[in-house]
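Summary of structural features
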Amino acid sequence: MKERLYELKRQALEQIGQARDLKALNDVRVAYLGKKGPITEVLRGMGALPPEERPKIGALANEVREAIQQALEAKQAKLEQEEVERKLAAEAIDVTLPGRPVKLGNPHPLTRVIEEIEDLFIGMGYTVAEGPEVETDYYNFEALNLPKGHPARDMQDSFYITEEILLRTHTSPMQARTMEKHRGRGPVKIICPGKVYRRDTDDATHSHQFTQIEGLVVDRNIRMSDLKGTLREFARKLFGEGRDIRFRPSFFPFTEPSVEVDVSCFRCEGQGCGVCKGTGWIEILGAGMVHPNVLEMAGFDSKTYTGFAFGMGPERIAMLKYGIDDIRHFYQNDLRFLRQFLRV
Amino acid sequence: MLVSYRWLGEYVDLTGITAKELAELITKSGIEVERVEALDRGMKGVVIGHVLECEPHPNADKLRKCLVDLGEDEPVQIICGAPNVAKGQKVAVAKVGAVLPGNFKIKRAKLRGEESNGMICSLQELGVETKVVPKEYADGIFVFPSDAPVGADAIEWLGLHDEVLELALTPNRADCLSMIGVAYEVAAILGRDVKLPEAEVKENSEHVYDYISVRVEAPEDNPLYAGRIVKNVQIGPSPLWMQTRLMSAGIRPHNNVVDITNYILLEYGQPLHAFDYDRLGSKEIVVRRAKAGETIVTLDDVERKLTEEHLVITNGREPVALAGVMGGANSEVRDDTTTVFIEAAYFTSPVIRQAVKDHGLRSEASTRFEKGIDPARTKEALERAAALMAEYAGGEVVGGIVEASVWRQEPVVVTVTLERINGVLGTAMTKEEVAAILTNLQFPFTEDNGTFTIRVPSRRRDIAIEEDIIEEAARLYGYDRLPATLPVAEAKPGGLTPYQAKRRRVRRYLEGAGLFQAITYSLTSPDKATRFALETAEPIRLALPMSEERSVLRQSLIPHLLEAASYNRARQVENVALYEIGSVYLSKGEHVQPAEKERLAGVLTGLWHAHLWQGEKKAADFYVAKGVLDGLFDLLGLSKRIAYRPAKRDDLHPGRTADIVLDGRVIGFVGQLHPAVQKEYDLKETYVFELALAELLNAESEAIRYEPIPRFPSVVRDIALVVDENIEAGVLEEAIAEAGKPLVKDVSLFDVYKGDRLPDGKKSLAFSLRYYDPERTLTDEEVAAVHERVLAAVEKQFGAVLRG
Ligand SMILES: [Zn+2]
């Protein structure tokens, strides 16, 4: 009987090894371990054995049964694992197919630039002032030290509606308007973004409508060196840490002294390239100390208060930053242009 | 202003400074030098030649065969095509091996069988601009005076070994519209002296009053008028050095008398005019405003109609010059002129500007009067002109100056303290540094304990107040030396106003929803101005538009957004979703500023969403547009106060347009473009919306308050109701919500059916109702009771029946 048991074990393990799926494995289980299976049969036939043999054979039979059982379980686990893997393999997809697009628009590049500059100055304690685009001659010119007949009025050919009302030619009227609101008491610390208009024929570098950002700080003891420090801070945040600025003397009727402000070229680090026309510097701002006449007209005592003002063109900055070659792109709203400004 | 480097060197020592270096220094201290141009343009090998023989070319009608002495051993044969070449002339010859502008190399050549050893040059061939070449040489070669030395460097004799600095002058620096003015500026920068030209007039024993008298009837336009008579002049060419200087400054030489007036204009910035005394036709000059209807034929042979806004010089009867702008043809200096009346006057800017504007005439003279001249130098310039005419036109200066003047030099005195200078600039200049700057500027001053009292020279009319001096100090001290500091002030936080912050949120929302931001023009055409407008007013028109297309201010953003959509579609970009936030302009009367109202508008056309390989495709339609707006109202906390009302609006689809109502007020609309308008813009099905942004952003929205998260299960029941097809879903939904209060928490429509399985004129609307009680779990009976109540209500109000 011993031999019989060993033979059964050998046969069972062989068949388990050969089982290809769970059903075949179950057949093996039923065949060997079932109630009518050969091992049960062997145990049943133990009565014919001498009593001293019985426990030995009984133990052996259990041992065999145990071994078969274990082999079955191991095989079952293996087959189940294979089954899962087969199923998952069948579910595989092409991960390179396009995903369902999330519809996303984006701001206009000018808004991008304007908001970036707004945030930068807000960080330095400025508020954002906005005002009318259809202005009076008084705020657009006279309050800015440009009386009627002033030669500098030629510099800005304007869209007049009546003799006293026009489309503002710059955002500077907000200087006068804001100062008036402060009734002669500082500090004033604002930037004013907005649309402006000039009688220019639209071409690659001119637009009859464009945007400007004006800045104004008025307080006791504001110095021109403060203007330099502020604009250097601005240039570094907008164009990169290594930037430097330089002042070149200039003339604006509403500031004195007046300067044009250059930023060292961010493309060539000041070595000279196409962007800076070989000079290493790029002109981006006009600035100066607020003219005493402008302070006085807006109700500030020019002996106690001083201030600085600066102005810049978001179009120019966007053209420099993104390498845009034609100002008309900003107003054509070609989606092939607009959607290039999505990235943060 | 064009400034010859060598000419400038006559007034201020430029030793050790190249033209390029000088340009940089000038730019750095305030006047932008736009460019520096070398007049010789790399020319080599051009000499003065003497035409010994000149005969026709045997084989060509238009060519001449010349034998030219170049100061070498043998004269050379040169073939020349210029019509004015002649025997005995001194001419500029580019020798074999010479280089002309544009790297043009002269080689030995054969022209129609005749050898040519060089080229006789015109001024244009030597790089001189045609517009300044004297008229007699404009179509041929240039001829030197007969005493020009043969073999000498022609480039040098033509003054072309020189560089010209082009100054871009700001309106305040009219003082630099003269060589002397530039000399003062350069002297201040370099710390060197200015050498002024000398003018010693030798007068004859006659008196000018025997020739002419002057009366000024408009002294406010002409505070100073002075003149001199020079007799026995011989009109001829001016000296070559003077001609070359005029050409370097962009002025064409004419004859000695005219050239001298132009030379003085450049040197002193004082325009002069020379009249032919004998052609004046009287012995008096009367300066007055023109009479309406009066005319004058100016030097350019154009008859000009005058008005009372123009100032004229008359002979007592009729105009002989348009003052400060251009002389009259009737009194022009001609070849036979022998007696000249030189006018040196100070005309004020407004009257000259008016004439320039009305006649479209801008001259070197008028530009200077417009910007303002220095009357203190007017007579000095007259003296120098008279002296030069005596010297170079053989004239005899009649004794005395004729003059009419109300002008008095008012001394300008400015006081400024060292403390103020450093306080405004943030610098630490010393008294000595400021004093050195004032000295270099040649501003007379005294200094007492840090207070400077400055007498401003009359040439610097731009300097009148302390800030002007501070600016002079700053630019000559150097902005590079200005420290960089930050304002010292009480720290106040910056930020956006609530309106500005909300507007930014609105932008980000719309962009996140898939719309791109557009910026379009505010100016539009009259036919587009009021189209689509939420509110309209009398269109605001520009006084002088550049085109009809941009002549009035817009009252809606939609027309230009449609243009943008159309522009894109024409370029194969079919799917367009754009929004714009911008102002519209509503008149409040002709002489007041208009109301500017911010609008939010959008345009959607083409596919809204496409994910084709998974079979998804959705075209923009009314409900896409409405969905975007619904999200916006949610964001602003206004959705419960917003309603959509069917509406009819011009240019929109009559059955697919809704007014948007906030708290009962119409604040915008959304709808499909009328098919006719779609066609007009070459667009397919297109949806637009426009909202009054301020109404939305200024509407008080409820503050966020936490509501407890449901603790008990809610019950959902669906009902499908059959109603007349004209019953609006929104109305029915409202009625259900009202009848179901308080247990019905949400009502949402999930199906709309019209068709075969319903009677004609009927539709079925299916709603999902969610019942909930925050205090407990609802029983079926409680839900059923409310459900019955809802059904009864809609049956009563709308005749709605449950769909079987
Ligand atoms: Zn560069």
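Remember, predicted model here, so these are calculated numbers, not experimental data.

Observations concerning the overall build of chain B
Broken down by element type, chain B carries 21 helices and 43 strands. Expected size for 804 residues packed as a compact globule is a radius of gyration near 28 Å; at 42 Å, chain B overshoots this value by more than 25%. When the backbone C-alpha atoms are referred to their principal axes, chain B occupies close to 130 × 85 × 55 Å. For chain B, contacts bridging at least 24 residues in sequence account for 68% of all contacts bridging at least 6. Just so you have it, chain B exposes about 36,700 Å², and 49% of that area is on carbon and sulfur atoms. The distance from the centre of the 97 positive side-chain charges to the centre of the 123 negative ones in chain B is 5 Å.

Here's the deal with the domain arrangement of chain A
Interface size, as often reported, equals the accessible area lost upon joining of the parts. What the domain assignment reports for chain A is domain 1 (2-90) and domain 2 (109-341). One C-alpha centre belongs to domain 1 of chain A, the other to domain 2 of chain A; they are set 92 Å apart.

Some words on the UniProt feature "binding site: Mg(2+)" (unreviewed entry) in chain B
The positions UniProt marks with the feature "binding site: Mg(2+)" (unreviewed entry) are D462, D468, E471 and E472 of chain B. Within the secondary structure layout, D462 of chain B lies in the loop between strand 28 (451-456) and helix 13 (466-477). A polar contact is formed between the side chain of D462 of chain B and the side chain of R460 of chain B, at a distance of 2.9 Å. Structurally, E471 of chain B can be placed in helix 13. For E471 of chain B, a relative accessible area of 9% puts it in the buried group. Beyond its immediate stretch of four places on either side in the chain, E471 of chain B contacts S250, E256, P257 and S258 of chain A together with Y479 of chain B.

Description of the sheet that holds strand 40 (residues 715-724) of chain B
Residue and element names in this part refer to chain B. Pairing within the open sheet is antiparallel, and its four strands lie in the order 41-42-40-43. Both edges of this open sheet fall to strand 41 (744-753) and strand 43 (801-802), since each of them pairs with a single strand only. Across eight bridges, the pairing between strand 41 and strand 42 (residues 762-771) is antiparallel. Counterpart to D746 in the pairing with strand 42 is R770. Strands in contact with helix 20 (residues 729-739) are strand 40, strand 41 and strand 42; relative to strand 42, the strand with the most contacts, it is inclined by about 35°. Sitting on the sheet, helix 21 (residues 780-798) touches strand 40, strand 41, strand 42 and strand 43, and the angle it makes with strand 40 is about 15°.

A short note on the interface of chain A and chain B
Each partner contributes to the interface: chain A provides 84 residues, whereas chain B provides 90 residues. Each partner contributes to the roughly 7,300 Å² buried at the junction of chain A and chain B, and carbon and sulfur atoms together form 57% of this total. When the area that chain A buries against chain B is broken down by residue, the three leading residues are K103, P249 and L335 of chain A, summing to 9%. At the surface where chain A touches chain B, the tally comes to seven salt bridges. Here R504 of chain B ties to E115 of chain A by a salt bridge, and the two come within 3.9 Å at their closest N and O atoms.

Points about the nonpolar core
Ranked by internal contacts, the top residues of the largest apolar core, which has 103 residues, are F247 and F310 of chain A together with L578 of chain B. In contact with F310 of chain A, other than residues within four places in its own chain, are F121, Y126, I191, I213, E214, G215, L227, L231, L285, G286 and A287 of chain A.

Things to note about helix 21 of chain B
In an α-helix there are 3.6 residues to a turn, and that puts residues three or four apart on one side. Residue and element names in this part refer to chain B. In a regular helix each residue adds 1.5 Å, so 19 residues correspond to 27 Å; helix 21 covers 26 Å between its end C-alpha atoms and thus fits that length. Those residues of helix 21 not exposed but buried are V783, V786, H787, V790, L791, A793, V794 and F798. The buried residues of helix 21 occupy an angular sector of 160° when projected down its axis, which confines them to one face. In helix 21, the exposed positions that point more than 90 degrees away from the buried face belong to E781, E788 and K796. The inward-facing, buried residues of helix 21 contact strand 40, helix 20, strand 41, strand 42 and strand 43.

Things to note about the sheet that holds strand 1 (residues 2-4) of chain B
Residues and elements named next belong to chain B. Strands sit in the order 1-12-2 across an open sheet of three strands; the sheet is antiparallel. On the outer flanks of this sheet lie strand 1 and strand 2 (32-38), each paired with one strand and no other. Between one strand and the next, the sheet's axes are offset by a mean angle of 25°, whatever the strand orientation. Two strands pair when backbone bridges link them, and strand 2 and strand 12 (residues 163-168) are joined in this way by six bridges, in the antiparallel orientation. Paired with A38 across the strands is E163, a residue of strand 12. Docked against the sheet, helix 2 (residues 19-28) engages strand 2 and strand 12, running at close to 170° with respect to strand 2.

Side note on the pairing of strand 23 (residues 340-346) of chain B
Residue and element names in this part refer to chain B. Judged by how many residues are buried, strand 23 sits mostly within the fold: seven of seven residues are covered. Across the two faces of strand 23 the burial is the same, with V340, I342, A344 and Y346 and F341, E343 and A345 all buried. As judged from the seven bridges shared by strand 15 (residues 224-231) and strand 23, these two strands associate in the antiparallel manner. The partner of G227 across the bridge, within strand 23, is E343. Both strand 16 (residues 272-276) and strand 23 contribute to a ladder of five bridges, which runs antiparallel. In the sheet register, D276 faces strand 23, and the bridge partner there is V340.

Some points on the pattern of salt bridges
Residues and elements named next belong to chain B. Following the criterion strictly, the structure yields 83 salt bridges over all chains and no others. Its salt-bridge partner being R599, residue E535 comes within 3.3 Å of it at the nearest N-O pair. Taken together, the residues E535 in the loop between helix 15 (526-529) and strand 31 (552-553) and R599 in strand 33 (residues 595-605) connect sequence positions 64 residues apart. Residue R599 is classed as buried on the basis of its relative accessible area, which comes to 1%. One network of salt bridges, in which partners are shared, links R173, D175, E185, R460, D462, E472 and R475.

As for the coordination of the zinc ion
Residues and elements named next belong to chain A. Here the zinc ion is held by C265 (SG), C268 (SG), C273 (SG) and C276 (SG), and the distances to it run 2.2 to 2.3 Å. Positions of the donor residues of the zinc ion, expressed as sequence spacing, correspond to C-x2-C-x4-C-x2-C. With respect to class, C265 is no different from C268; both count as buried.

Remarks on the side chain of N333 of chain A
Of note, N333 of chain A is situated in the loop between helix 11 (329-332) and helix 12 (335-338). What makes N333 of chain A buried here is its relative accessible area of 1%. Apart from residues lying up to four places away in sequence, N333 of chain A is in contact with H108 and L338 of chain A together with Q517, A518, I519, T520, A564 and N568 of chain B.

Concerning helix 9 (residues 364-371) of chain B
Residue and element names in this part refer to chain B. Counting buried residues in helix 9 gives six out of eight residues, a clear majority hidden from the surface. Taken together, the buried positions of helix 9 are occupied by A365, S366, T367, R368, F369 and E370. Two residues or fewer past helix 9, G372 is found with a positive phi of approximately 100°.

As for the UniProt feature "coiled-coil region" (unreviewed entry) in chain A
UniProt's feature table lists "coiled-coil region" (unreviewed entry) at residues 57-94 of chain A, given in the numbering used throughout. Along residues 57-94 of chain A the backbone is 89% helical and 0% strand, and the end-to-end C-alpha distance reaches 59 Å.

Reading the values: rules and limits
- Residues numbered from 1 in each chain as written.
- Chains lettered and ligands numbered in written order.
- Predicted model: local features only at pLDDT ≥ 70, side-chain atom pairs only at ≥ 80, totals over all residues.
- Heavy atoms only, no water.
- Helix = DSSP H or I, 4+ residues; strand = E, 2+ residues; numbered from the N terminus.
- Rg over C-alpha atoms; globule rule 2.2 N^0.38 Å.
- Contact = heavy atoms within 4.5 Å.
- Areas by Shrake-Rupley, 256 points an atom, 1.4 Å probe, with all protein chains shown as cover.
- Lys, Arg positive; Asp, Glu negative; His and termini not counted.
- Charge placed at Lys NZ, Arg CZ, Asp CG, Glu CD.
- Domains from an automatic or database assignment.
- UniProt positions renumbered as here; feature names shortened; annotations may be inferred.
- Polar contact = N/O pair within 3.5 Å; in protein donor to acceptor, adjacent residues only side chain to side chain.
- Buried < 20%, exposed > 50% of the residue type's maximum accessible area, 1.4 Å probe, protein only.
- Pairing = 2+ DSSP bridges.
- Axes fitted to C-alpha atoms, helices over the stretch in contact; angles between N-to-C directions.
- Buried area = accessible area lost by both parts, 1.4 Å probe.
- Salt bridge = Lys/Arg side-chain N within 4 Å of Asp/Glu carboxyl O.
- Core = buried A, V, L, I, M, F, W, Y, C linked by side-chain atoms within 4.5 Å.
- Expected span 1.5 Å × (residues − 1).
- Arc of directions from axis to C-beta.
- Donors = N, O, S within 2.8 Å, 3.2 Å for Na, K, Ca; no water.

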